[in-house]
Amino acid sequence: MLDNPSESTFAQINKAYNSVFRPGRLSVGFVVPLETYDRSAVPTMGQHLERAKLADDLGFGALWLRDVPFNVPSFGDAGQIYDPFVYLGALAASTQTIALGVASIVLPLRHPAHVAKAAASADAISGGRLLLGVASGDRPEEYPALDMGFDDRGERFRDAVDYIRAAGRSYPEFENSFGSVSGGIDMLPKPTGTRLPLLITGGSRQAPDWVAQNGDGWMTYPRDALSQAKVVADYRRRVADASPQDKPVMQSLYIDLVDDPDAAPRPIHLGFRSGTRFLRQYLNEIQALGINHVALNLRFNTADIETTMKRLADEILPDFSG
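Residues numbered from 1 in each chain as written. Predicted model: local features only at pLDDT ≥ 70, side-chain atom pairs only at ≥ 80, totals over all residues. Heavy atoms only, no water.

Q: Which parts of the structure should I look at to understand the environment of threonine 220?
A: Following the sequence through the fold, threonine 220 ends up in strand β8 (residues 217–220). When its relative accessible area of 3% is taken as the criterion, threonine 220 is described as buried. Not counting residues within four places of it along the chain, the set of residues in contact with threonine 220 comprises Gln228, Val249, Met250, Gln251 and Ser252. A polar side-chain atom of threonine 220 sits 2.7 Å from a polar atom in the side chain of arginine 223. (Helix = DSSP H or I, 4+ residues; strand = E, 2+ residues; numbered from the N terminus. Buried < 20%, exposed > 50% of the residue type's maximum accessible area, 1.4 Å probe, protein only. Contact = heavy atoms within 4.5 Å. Polar contact = N/O pair within 3.5 Å; in protein donor to acceptor, adjacent residues only side chain to side chain.)

Quick look at the structure:
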């Protein structure tokens, strides 16, 4: 970790990246769908656009959707069920300023030309509000359904990243396992900023140095403070070796916010049930560790969703915005 993260700088890429990721600061967003579905792997998707608009109106930093091509019952979560790029279009039309992120597109299961075109389109339509998380995938049952190998997904992931980067240039010339482009054709639209902001999820079957060098940021998971401090510090050391600019780190977090603000935490899947006092303490702690954004997941939240969103906006967001 940098000695003083507040003095580091991040690249300026597009509207979403520049607003969500600020050195030394933590912003707060949500994983969609914004609903409780703890008793089923499949959400209802009820009121999903209304709640997305509410998150925007309340001033949250980002909405994050997932790429789950097939519902695999053993994993216990079908995601938001819609195709992510179709859903990004709906969200772009329903919101004004909130960043729209994908956490994450499973690159080995898609041709990178389609990903590059769809992502640049979503970025342009939303006015630069796209954050593109990418991953190698972790559901082996999906791969034979698309006649894809599971064991070589790491190599295809690297080639897909290279292809997407190249497609953002004008009349590119390149060749890899996904195809060759001779420089005589171009892909439109182009991203609104300098490039599509690519955030790599976990290890994505890559060496840590490759992740630090090739992504515009890193998505990881909640851990205890000591472990999280170590992995963030290791990532930032590798970034410093590869780039003159620092890069952001974000994490997910499941929460169940209870009415009593002083309620002590109790563990739930990849998160905790607590009152606002402990949640604020936790968010301050991860901000100090160098986390720049947290994506809250309300799947296991027992209180009314709109009420919880407004409580978070009133009692938590003022400490982590601006």
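Still to come is the rest of the account.
Q: Would you mind going over the packing of aromatic side chains with me for this structure?
A: To describe a pair of aromatic rings, one takes the distance between the centres and the angle between the planes. Tallied over the full model, the rule gives 10 aromatic pairs. When the ring of tyrosine 17 is compared with that of phenylalanine 21, the centres are 5.3 Å apart and the planes differ by 70°; the resulting orientation is edge-to-face. When the ring of tyrosine 254 is compared with that of phenylalanine 300, the centres are 5.3 Å apart and the planes differ by 35°; the resulting orientation is tilted. Of this pair, tyrosine 254 sits in strand β9 (residues 249–257) while phenylalanine 300 sits in the loop between β12 (293–297) and α10 (305–315); the two residues are 46 residues apart in sequence, bridging distant segments of the chain. Across the pair, phenylalanine 300 and tyrosine 254 agree in class, each one buried. Taken together, the ring pairs connect Phe272, Phe278 and Tyr282 into an aromatic cluster. A cation over a ring is seen here: arginine 153 above phenylalanine 150, with NZ or CZ 3.7 Å from the ring centre. (Phe/Tyr/Trp six-rings, centres within 6.5 Å; stacked < 30°, edge-to-face > 60°. Lys NZ or Arg CZ within 6 Å of the ring centre and 35° of its normal.)

Q: I tried to follow the side chain of glutamate 35 on my own but got confused; where do I start?
A: Among the structural elements, glutamate 35 can be located in the loop between β1 (27–31) and α2 (48–58). No salt bridge is formed by the buried glutamate 35, whose closest oppositely charged neighbour, arginine 51, lies at an N-O distance of 5.5 Å. A polar contact of 3.0 Å, which involves the side chain of glutamate 35, links it to the backbone nitrogen of threonine 44. Glutamate 35 has contacts with Pro43, Thr44, Met45, Gly46, Arg51, Leu298, Arg299 and Ile305, leaving out every residue within four places of it along the chain. (Lys, Arg positive; Asp, Glu negative; His and termini not counted. Salt bridge = Lys/Arg side-chain N within 4 Å of Asp/Glu carboxyl O.)

Q: Is there a simple way to explain the side chain of aspartate 123 in this structure?
A: As for its position among the elements, aspartate 123 is in helix α4 (residues 112–125). It is arginine 129 that comes nearest to the buried, bridge-free aspartate 123 among opposite-charge side chains, at 8.4 Å. With near-sequence residues (within four places) excluded, aspartate 123 lies in contact with Asn14, Gly128, Arg129, Leu130, Pro191, Thr192, Gly193 and Leu196.

Q: Sorry, what's going on with unusual backbone geometry here?
A: One can expect most non-glycine residues to show negative phi and most peptide bonds to be in trans. With an omega dihedral of 5°, the bond running from alanine 103 to serine 104 counts as a cis peptide bond. With respect to the helices and strands, the residue serine 104 is situated in strand β3 (residues 99–106). Backbone torsion omega between leucine 188 and proline 189 reads 0°, so that peptide bond is classified as cis. Position of proline 189 relative to the elements: it lies in the loop between β6 (179–182) and β7 (198–201). A positive phi angle, close to 65°, is found at arginine 205, a residue other than glycine. Along the polypeptide, arginine 205 turns up in the loop between β7 and α7 (208–214). The partly exposed category is assigned to arginine 205, whose relative accessible area is 48%.

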